[in-house]
Amino acid sequence: MEDIFKIGGEQLSSRLFLGSASYPSLSELRKSIEAAQPGLITVSLRRESSAGKGQEFWDIIKGFDIPVLPNTAGCYNAREAITTAEMAREIFETNRIKLEVIGDDYTLQPDPYGLLEATEELLNKGFEVYPYMTDDLVLAQRLVDLGCDILMPWGAPIGSGRGLNNIYALKQLRARFPDKTLVIDAGLGVPSHAAQAMELGYDAVLLNTAVAKAGDPPLMAGGFAKGVEAGRAAYLSGAIARQEHATPSTPLLDKPFWHQAQK
């Protein structure tokens, strides 16, 4: 079955989006990207610039023929996020932006009010907004009403590795917005979490810490790529319904011949 993935009018080669922060070395970053072959690479303009990684970091990112998704990580109000997005568009020459407006230092939960404010202005400025949000259905509806075609609910708080905390809410989002692109962003820890998200019918997953902080980042990156593929295949193929009882996989047409009475 041909499974073409388009987002924002652009066809991507993978449904795994990979972050580029917090790797133990630039070599591990390069190897992880090679292993994952992600559809998008996310880059934080504020954090990477302030980290002093220099030209080598940017050369690695630009050296891959993979679209870049700049983000506004580290922004705590709408004005900061809007300014950062405008700078990112100028540097990376792309209208796409992963919009983060953080409202809480402890959970790194998005500020819904700041997110809505920044989203509205950036959409009016011609940006393709990828809003990082909670799994709140009302917030999702407000974002869609503003004109968002992409929603990025968290699975769990950033960097927590907890997986999908609220399966019910995520299922509700998928059911309510069947024609929108939904991407699980943040909180995944192992490839099975990514597979589970894809099995729910989500279009892609975005992760960073689970790979960057793994004992072997490239190996984990490859594992996540396989998890995404497996979960997508399960969703497309139509998984069997759960049963409360056993169902034999091999029908019994008759008793085995050696049980028949001897003549």
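Quick notes on the rules
- Residues numbered from 1 in each chain as written.
- Predicted model: local features only at pLDDT ≥ 70, side-chain atom pairs only at ≥ 80, totals over all residues.
- Heavy atoms only, no water.
- Core = buried A, V, L, I, M, F, W, Y, C linked by side-chain atoms within 4.5 Å.
- Buried < 20%, exposed > 50% of the residue type's maximum accessible area, 1.4 Å probe, protein only.
- Helix = DSSP H or I, 4+ residues; strand = E, 2+ residues; numbered from the N terminus.
- Contact = heavy atoms within 4.5 Å.
- Pairing = 2+ DSSP bridges.
- Right-handed = clockwise from strand over helix to strand, strands pointing away.
- Axes fitted to C-alpha atoms, helices over the stretch in contact; angles between N-to-C directions.
- Parallel < 35°, antiparallel > 145°, perpendicular 65-115°, else oblique.
- Left-handed = near helix turned anticlockwise from the far one by under 90°.
- Nonpolar A, V, L, I, M, F, W, Y, C, P; charged D, E, K, R; others polar.
- 1 Å grid on protein atoms, 1.4 Å probe; cavity = no way out; pocket = protein on both sides within 12 Å on 5 of 7 lines; lining within 4 Å.
- Points joined across faces, edges and corners; volume = space filled by probe spheres on them.

Some words on the nonpolar core
Formed by 60 residues in total, the largest nonpolar core has its most connected members in Leu151 and Val205. The dominant element in this core, judged by the number of residues it contributes, is helix α4 (residues 78-92), at six residues. Leave out the neighbours within four places in its chain, and Val205 touches Arg15, Leu16, Phe17, Val183, Ile184, Leu188, Ala194, Ala197, Met198 and Val228.

As for the pairing of strand β9 (residues 181-185)
For β9, the tally of buried residues reaches five of five residues, placing the bulk of the element in the interior. Covered by surrounding structure in β9 are Thr181, Val183 and Asp185 together with Leu182 and Ile184, the residues of both alternating faces. Examined bridge by bridge, strand β8 (residues 150-153) and β9 share two bridges and lie parallel to one another. Residue pairing in the sheet places Leu151 in a bridge with Leu182 of β9. Remark: the β8/helix α7 (residues 167-176)/β9 crossover connection has right-handed handedness. Where β9 and strand β10 (residues 204-207) come together, three bridges link them in parallel fashion. Its bridge partner being in β10, Val183 is matched across the sheet by Ala204. Between the parallel pair β9 and β10, the chain is carried across by helix α8 (residues 191-199), and the sense of this crossover is right-handed.

Quick word on the environment of Lys125
Tracing the backbone shows Lys125 in the loop between α5 (112-124) and β7 (128-133). In this structure, the C-alpha to C-alpha distance between Lys125 and Ala78, residues 47 residues apart in sequence, is 14 Å. If sequence neighbours within four positions are ignored, Lys125 has contacts with Ile82, Glu86 and Arg89.

Quick word on the pairing of β8
Burial along β8 is two-sided: Ile150 and Met152 facing one way and Leu151 and Pro153 facing the other are all buried. Relative to β8, β7 runs parallel, the two being bridged by two bridges. If you follow Tyr132 over to β8, its bridge partner there is Met152. Each parallel crossover has a hand, and for β7 linked through helix α6 (residues 137-146) to β8 it is right-handed.

Remarks on the packing of α5 against α6
The interhelical angle for the contact between α5 and α6, taken along N-to-C directions, is 15°, at an axis separation of 10 Å. When the axis of α5 is compared with that of α6, the two are roughly parallel. For the crossing formed where α5 meets α6, the hand is right-handed. Along its contact with α5, which presents Pro112, Leu115, Leu116, Thr119, Glu120 and Leu123, the element α6 presents Leu139, Arg142, Leu143 and Leu146. Grouping the amino acids of the contact of α5 with α6 by side-chain chemistry returns seven nonpolar, one polar and two charged.

As for the layout of surface pockets
Taken as a whole, the second largest pocket spans an internal volume of roughly 330 Å³. Ile167, Lys171, Gln196, Glu199, Leu200, Ala234, Tyr235, Gly238, Ala239, Ile240, Ala241 and Arg242 are the residues that line the second largest pocket. The set of elements that each furnish at least two residues to the lining of the second largest pocket consists of α7, α8 and α10 (217-237). Of the residues assigned to the lining of the second largest pocket, the class counts are seven nonpolar, two polar and three charged.

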